[in-house]
Amino acid sequence: MGSEAPRGLADADLVAKLVAGNHEALGELYDRYGGLAYAVALRVLGDPGRAEDAVQEAFVKIWNHAASFDARRGSLRTWLLASVRNRSVDYLRGRGAHERQELELQPAMAEAGPRSDPWHEVSLSLERSAVREAMSSLPAEQRHAVELAYFGGYSQREIADMTRVPLGTVKGRMRLGLEKLSSYLQGRGLVDV
Amino acid sequence: MSDHDELESSVAAWVLGALEAGEADLVRTHIEECASCRETVMRLTRAIGALPLDVAEITPPAGLRERILIAAAASPDTATATARTRFDTKEPRRTLGPTNLSSHRPSTMAVFAAVAAVVLALVVGLAAGDLIGRGTTASPTVVRSALVGHQGLAGARASVINLKGDGVALVDFSGLPQLDPGRVYEVWLITAAGRADPAGVFVPDSNGSKFVLVSKSLAGYTQMAITSEVGPSGAPAPTQNPELYGNLT
């Protein structure tokens, strides 16, 4: 094949290989995040078959749109997992992907620089630990509101109906939950998780 | 509450994708015009990006990786790309050059004749059009075909994705019976004249499935067929009648 094995490449280099049509790079992306991507899809959908479909769609989307990746706006992982989550919610709600505003194409809008991270597995483990800690630190009602929206695909009005609290309260819980999560992670230097 | 306050109160829900379509449009328009809300969006989006990390990782189903690679290879963008490079898989495989049948042991000739008979059957339609090889052209450079099982392999199927531009093909087998110990399935590429060239061997997984990369061009071949042969390297020519076969589009 003559192509460089893409193991351990930073996002930008991996994306460059994806843009060049290097399938091994797509395999490397899957090896890095396939387990997490599948877990996210399964968490949203609760159906292994549909979770596989959602993950496949997300990876193929990254493959086809790799040229639009901008490392200044967030990590490749953030883009991929957002895409997995969005595809999964689309499945859940019977919604075509074309109906979704393609927010995930401009993922984080964070100011973090590109990450040159050959230690991505260690880094990922530390980040996950921090995120879990941050989530568990949220008041239950805030965490619940965020999780229902993100993993359940519910709208704020649906959440208000389900939890029988005023819409304004749901809005506040979402906002406070995300603000706290953001502050917590930023305080630990995880500006682009 | 002002319009700004009202819209700002929905920014978190917008970032979470938790607004109805009409509401989302209003908030999006506002965010585009409001620096303060854009800053909030940036801040909250960091948190959104973290949420997937709260999920415990799960080992994906076997085969999903290959399924994604195949889907990517077959996607329209891949088909039209001009700078695509070839890819490899971790599948065990063997690639052989064209086989000179005159060097084969005599006993294989009868079997080869059977393969040729299959070819003839396909040509004259005796193998029934509802069974074999009705591949469709997905693009100028990616062509799909189907292999269908018969007799002992009646439950088997295979999809062939011919990546013409790369000179390789991917074959997705399913429903294959388990092999006896020491045996392998062998892939044959058959010319219009009935010559069968070996194109690789494989052993299916416990579900009877396997993705196989045929790392040679299918140009010049009109059929693909599968036989069971002695492993690990298979045979230089088929030793039995193929029971899984189809036309290559």
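Residues numbered from 1 in each chain as written. Chains lettered and ligands numbered in written order. Predicted model: local features only at pLDDT ≥ 70, side-chain atom pairs only at ≥ 80, totals over all residues.

A short note on the overall build of chain B
Helix and strand content of chain B: seven helices and eight strands. Residue burial in chain B is summarised as follows: out of 249 residues, 43% are buried. Contacts spanning at least 24 positions in sequence make up 63% of the contacts within chain B whose residues lie at least 6 apart. (Helix = DSSP H or I, 4+ residues; strand = E, 2+ residues; numbered from the N terminus. Buried ≥ 20, exposed ≤ 12 C-beta atoms within 10 Å, placed from the backbone. Contact = placed C-beta atoms within 7 Å.)

Some points on the overall build of chain A
Within chain A, the regular secondary structure consists of eight helices and zero strands. Reading chain A from its N end, one meets helices and strands in the order α-α-α-α-α-α-α-α. A burial count over chain A gives 48% of its 193 residues as buried. Within chain A, contacts between residues at least 6 apart in sequence are counted, and of these 65% link residues at least 24 apart.

Topic: the nonpolar core
Ala37(A), Ala41(A), Val55(A), Phe59(A), Ala149(A), Met174(A) and Leu16(B) are the most contacted members of the largest nonpolar core, which has 119 residues in total. With 14 residues, helix α2 (residues 23-45) of chain A is the largest single contributor of residues to this core. Look past the residues within four positions of Phe59(A) in its chain and what remains in contact with it is Leu26(A), Tyr30(A), Ile68(B) and Ala72(B). (Core = buried A, V, L, I, M, F, W, Y, C linked by C-beta atoms within 7 Å.)

Some words on the interface of chain B and chain A
Between chain B and chain A, the contact holds 49 residues from the first and 61 residues from the second. The set of elements that each furnish at least two residues to the side of chain B that touches chain A consists of α2 (11-15), α4 (35-50), α5 (64-74) and α6 (76-80) of chain B. The biggest single contributor to the side of chain B that touches chain A is α4(B), with nine residues.

Notes on the confidence of the model for chain A
Caution is warranted with low-pLDDT regions, since their predicted coordinates should not be read in detail. All names here are of chain A. Per-residue confidence for chain A averages 81 on the pLDDT scale, and 79% of its residues sit at or above 70. When mean pLDDT is taken per element in chain A, helix α6 (residues 140-150) scores highest with 95 and helix α5 (residues 120-137) scores lowest with 80. The low-confidence segment residues 97-118 (pLDDT under 50) makes 49 contacts with residues lying over four places distant or belonging to another chain. (pLDDT = per-residue confidence, 0-100.)

Quick notes on the sheet that holds strand β8 (residues 244-247) of chain B
Residues and elements named next belong to chain B. Overall, antiparallel pairing links the eight strands, which are arranged β5-β4-β7-β8-β1-β2-β3-β6 in an open sheet. Every interior strand has two partners, whereas the edge strands, β5 (196-202) and β6 (210-214), have only one. Ignoring which end each strand starts from, the neighbouring axes of this sheet average 20 degrees apart. Sheet analysis places strand β1 (residues 142-149) next to β8, joined by two bridges and oriented antiparallel. Residue pairing across strands places glycine 149 opposite leucine 244, the latter belonging to β8. Across the face of the sheet, α5 comes into contact with β1, β2 (157-163), β3 (168-174) and β6 while running at roughly 45 degrees to β2. (Pairing = 2+ DSSP bridges. Axes fitted to C-alpha atoms, helices over the stretch in contact; angles between N-to-C directions.)

Description of unusual backbone geometry
With an omega dihedral of 0 degrees, the bond running from Gly231(B) to Pro232(B) counts as a cis peptide bond. Examined against the element boundaries, Pro232(B) turns out to sit in the loop between β7 (221-230) and β8. Unlike most non-glycine residues, Arg164(A) shows phi in positive territory, near 55 degrees. Of note, Arg164(A) is situated in the loop between α7 (156-163) and α8 (167-187). In this structure Arg164(A) comes out as exposed when scored by C-beta crowding, with 6 C-beta atoms within 10 Å. Although it is not a glycine, Gln151(B) sits at a positive phi angle of roughly 45 degrees. Here Gln151(B) lies in the loop between β1 and β2. Residue classification places Gln151(B) among the exposed positions, given that 9 C-beta atoms sit within 10 Å.

Structural notes on the packing of α8(A) against α4(B)
If you want to describe how two helices pack, look at the angle between their axes and the distance between the axes. One can describe the packing of α8(A) onto α4(B) by two numbers: an axis separation of 8 Å at closest approach and a directional angle of 80 degrees. In terms of axis orientation, α8(A) runs roughly perpendicular to α4(B). Across the interface between the two elements, Leu178(A), Glu179(A), Leu181(A), Ser182(A), Leu185(A) and Gln186(A) from α8(A) touch Arg43(B), Leu44(B), Arg46(B), Ala47(B) and Ala50(B) from α4(B). A breakdown of the residues in the contact of α8(A) with α4(B) according to their chemical character gives six nonpolar, two polar and three charged. (Parallel < 35°, antiparallel > 145°, perpendicular 65-115°, else oblique. Nonpolar A, V, L, I, M, F, W, Y, C, P; charged D, E, K, R; others polar.)

What about the environment of Met224(B)?
For Met224(B), the position within the fold is in strand β7. Met224(B) sits 27 residues away from Asp197(B) along the chain, and the two C-alpha atoms are 9.5 Å apart.

Observations concerning the packing of α2(A) against α5(B)
Between α2(A) and α5(B), the least distance of the axes is 10 Å, while the angle of their chain directions is 130 degrees. Classified by the interaxial angle, the pair formed by α2(A) and α5(B) is oblique. The two elements α2(A) and α5(B) cross, and the hand of that crossing is right-handed. Of the residues in α5(B), those in contact with His23(A), Leu26(A), Gly27(A), Tyr30(A), Gly34(A) and Tyr38(A) of α2(A) are Leu64(B), Arg65(B), Ile68(B), Leu69(B), Ala72(B) and Ala73(B). When its residues are assigned to classes, the contact of α2(A) with α5(B) shows eight nonpolar, three polar and one charged. (Left-handed = near helix turned anticlockwise from the far one by under 90°.)

Regarding α4(B)
For α4(B), which comprises 16 residues, the first-to-last C-alpha distance of 23 Å matches the rise-based estimate of 22 Å (1.5 Å per residue) to within 8%. Of the positions making up α4(B), those classed as buried are Thr40(B), Val41(B), Leu44(B), Thr45(B), Arg46(B), Ala47(B), Ile48(B), Gly49(B) and Ala50(B). (Expected span 1.5 Å × (residues − 1).)

Re the pairing of β7(B)
All names here are of chain B. Burial of β7 is extensive: eight of the 10 residues sit out of reach of the surface. Of the pairings in the sheet, the one linking strand β4 (residues 183-191) to β7 comprises nine bridges and is antiparallel in character. Bridge pairing in β7 places isoleucine 190 opposite glutamine 223. Direction of pairing for β7 relative to β8: antiparallel, over a ladder of four bridges. Paired with isoleucine 226 across the strands is leucine 244, a residue of β8.

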